[in-house]
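Observations on chain architecture
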Amino acid sequence: MTDSIERRRFLQAFGILGLAAAIEGVSGASKRLPAAVRLSRPGPDDPPIPNEAVQKIYDERFQGRTIQHGKVTLDMPTMAEDGRYVPVVIESELPMAADQYVKSVFLIVDHNPDPLVTAFHFTPAIGPVKLQTRIKMKRTSWIRAIAETSTGELWADYLKVETTLNGCG
Amino acid sequence: MPETGRTKIVVPDRIQRGDIIRVQVLVQHPMDTGFFRDANANLIPPWFIQDVRVRYGDAEVARFEWTSGISKDPMVSFQLRAEQEASLTFVSRDNRGNEYTGSTEIKFATT
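Residues numbered from 1 in each chain as written. Chains lettered and ligands numbered in written order. Predicted model: local features only at pLDDT ≥ 70, side-chain atom pairs only at ≥ 80, totals over all residues.

**So, the overall build of chain B**
Rule in force here: Working definition: helices are DSSP H or I runs of at least four residues, strands are E runs of at least two. Numbering for both runs from the N terminus. Once C-beta atoms are placed from the backbone, each residue is buried if 20 or more other C-beta atoms lie within 10 Å of its own, exposed if 12 or fewer, and partly exposed for counts between those two.
Within chain B, the secondary structure is distributed over zero helices and seven strands. The linear arrangement of helices and strands in chain B, starting from the amino end, is β-β-β-β-β-β-β. The dimensions of chain B, computed from C-alpha atoms along their principal axes, are 60 × 25 × 20 Å. Split into buried and exposed, the 111 residues of chain B put 28% on the buried side.

**Notes on the overall build of chain A**
Within chain A one finds two helices and nine strands. The secondary structure elements of chain A, listed N-terminal to C-terminal, are α-α-β-β-β-β-β-β-β-β-β. Among the 169 residues that make up chain A, the fraction classed as buried is 30%.

**Digging into the nonpolar core**
Condition: For this analysis, nonpolar core means a set of buried Ala, Val, Leu, Ile, Met, Phe, Trp, Tyr and Cys residues linked through C-beta atoms within 7 Å. A pair of residues counts as a contact when their C-beta atoms, built from backbone coordinates, are separated by no more than 7 Å.
Formed by 54 residues in total, the largest nonpolar core has its most connected members in Ile90(A), Val105(A), Ile126(A), Ala145(A), Ala147(A) and Ala62(B). Setting aside anything within four residues of it in sequence, one finds Ile126(A) in contact with Met96(A), Val61(B), Ala62(B), Phe78(B), Gln79(B) and Leu80(B).

**Describing the confidence of the model for chain B**
Defined as follows: For every residue, the pLDDT score states the predictor's confidence, bounded by 0 at the bottom and 100 at the top.
Chain-level pLDDT for chain B is 96 on average; 98% of the residues reach the 70-or-more range. Two summary scores accompany this predicted model of the complex, namely pTM at 0.83 and ipTM at 0.95.

**Some thoughts on the interface of chain B and chain A**
Put simply, the rule is: As a working rule, the residues Ala, Val, Leu, Ile, Met, Phe, Trp, Tyr, Cys and Pro are called nonpolar, Asp, Glu, Lys and Arg charged, and the rest polar, with Gly in that last group. We treat two strands as partners when DSSP finds at least two bridges between them.
Contact with chain B, which involves 25 residues of that partner, is made by 26 residues of chain A. For the side of chain B that touches chain A, the secondary-structure elements that each account for two or more residues are strand 4 (59–66) and strand 5 (75–81) of chain B. Classifying every residue of the side of chain B that touches chain A gives 14 nonpolar, seven polar and four charged. For strand 7 (residues 130–135) of chain A and strand 5 of chain B, the ladder comprises two bridges, and the chain directions are antiparallel. Bridge pairing in strand 5 of chain B places Gln132(A) opposite Ser77(B).

**A word on the pairing of strand 5 of chain B**
Residues and elements named next belong to chain B. Burial along strand 5 is one-sided: Val76, Phe78 and Leu80 are buried, and none of Met75, Ser77, Gln79 and Arg81, which face the opposite way, are. Alignment of strand 2 (residues 20–27) against strand 5, held across seven bridges, turns out to be antiparallel. Looking at the pairing, Val23 lines up with Phe78 of strand 5.

**Section: the sheet that holds strand 7 of chain A**
What counts here: Each axis is a line fitted through C-alpha atoms, and for a helix only the stretch in contact is used; angles between axes span 0 to 180 degrees, taken between their N-to-C directions.
One open sheet holds the six strands; their spatial order is 2(A)-4(A)-7(A)-5(B)-2(B)-1(B), and the pairing between them is antiparallel. Every other strand in the sheet has two partners, leaving strand 2 (72–75) of chain A together with strand 1 (7–10) of chain B as the edge strands with one partner each. Taken pair by pair, the neighbouring strands of this sheet meet at an average axis angle of 20°, ignoring direction. Where strand 1 of chain B lies against strand 2 of chain B, four bridges are found, and the strand directions are antiparallel. Bridge pairing in strand 2 of chain B places Ile9(B) opposite Val25(B).

**Some remarks on the environment of Gly152(A)**
With respect to the secondary-structure elements, Gly152(A) resides in the loop between strand 8 (141–149) and strand 9 (154–165). Between the C-alpha atoms of Gly152(A) and Lys103(A), which are 49 residues apart in sequence, the distance is 8.7 Å.

**Details of unusual backbone geometry**
Residues and elements named next belong to chain B. If you check the backbone angles, Met31 has positive phi at about 50° while not being a glycine. Checked against the element boundaries, Met31 lands in the loop between strand 2 and strand 3 (49–56). Non-glycine residue Asp73 carries a positive phi angle of around 50°. On the secondary structure map, Asp73 appears in the loop between strand 4 and strand 5.

**A short note on the pairing of strand 4 of chain B**
Note that strand 6 (residues 116–122) of chain A and strand 4 of chain B share five bridges and pair antiparallel. Among the inter-strand pairings, Phe122(A) is bridged to a residue of strand 4 of chain B, identified as Ala62(B). Summarising the sheet, strand 3 of chain B and strand 4 of chain B pair through six bridges and their orientation is antiparallel. From the neighbouring strand, Asp51(B) faces strand 4 of chain B, where its bridge partner is Glu65(B).

**A look at the environment of Asp99(A)**
Tracing the backbone shows Asp99(A) in the loop between strand 4 (86–92) and strand 5 (102–109). Its 8 C-beta neighbours within 10 Å are what place Asp99(A) among the exposed residues.

**A closer look at the environment of Arg37(B)**
The residue Arg37(B) is located in the loop between strand 2 and strand 3 in this model. Once residues within four sequence positions are removed from consideration, Arg37(B) is found in contact with Asn42(B), Leu43(B) and Ile44(B).

So, in structure tokens, the structure goes:
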């Protein structure tokens with residue numbers, strides 16, 4: 001009698017875990033699609049600040065201001081085979097006009113020795129944000145693309161990129 | 001033998017006033033992080049571009065902060081409003097104080 005109740009409890013608990021695992025499996029699979037194939041991205045929660053170096057960048061560059069998710073798109077291969085050359089595309093629908101424009105775009109690789117890999121600073125003479133470059137990655141990491149407008153708003157997009165070959169040394 | 005600092009700017013062949021054009025810039029530079037070792041196990045010292053200025057005519061239109069996290073032989077592309085016939089200049093400076101310049105002329109198609 002006791003055994004069967006125990007067994008039922010076990011199955012109930014395991015069944016819930018199993019269902020959760022199945023859902024995670026499905027959403028995990030969708031995240032692994034190549035960037036070009038993803039039509040809508042799963043809305044990941046903002047990744048937590050992982051270390052002091054990234055916290056320092058946030059303190060110095062954003063002074064605790066709210067960073068909203070959206071209006072900027074980060075595209076990278078979700079699996080980067082060579083950490084020495086990882087392509088990055090950053091686009092934004094934010095206006096580029098004399099009275100309101102994207103002042104800066106920051107690219108942060110959480111687990112690189114120097115996480116603020118690059119920062120772009122613009123004037124309105126630059127067209128709508130459509131940036132491409134190639135970066136190095138030390139290991140699997142969250143990547144943050146954060147755009148700052150001339151009015152002080154901060155907009156971000158995040159991607160987790162898996163890397164096997166260390167490109168930083 | 002690569003020529004360190006050689007800067008190539010690629011813009012569309014045909015530009016009309018007011019176009020938003022893609023500007024692609026390629027710079028030859030080792031972008032050494034300082035963490036890798038050579039064949040004799042000696043650390044290769046850091047050597048990378050850290051400051052980039054984009055000038056269009058008389059104005060500085062963009063500035064980029066780079067680190068050794070930018071790949072060897074850096075590539076960057078961005079969009080520019082072609083509002084005037086003028087030179088477009090890309091000036092990069094590395095952590096050893098070397099300055100490299102590349103330039104192209106923005107000219108409008110006549111027809």
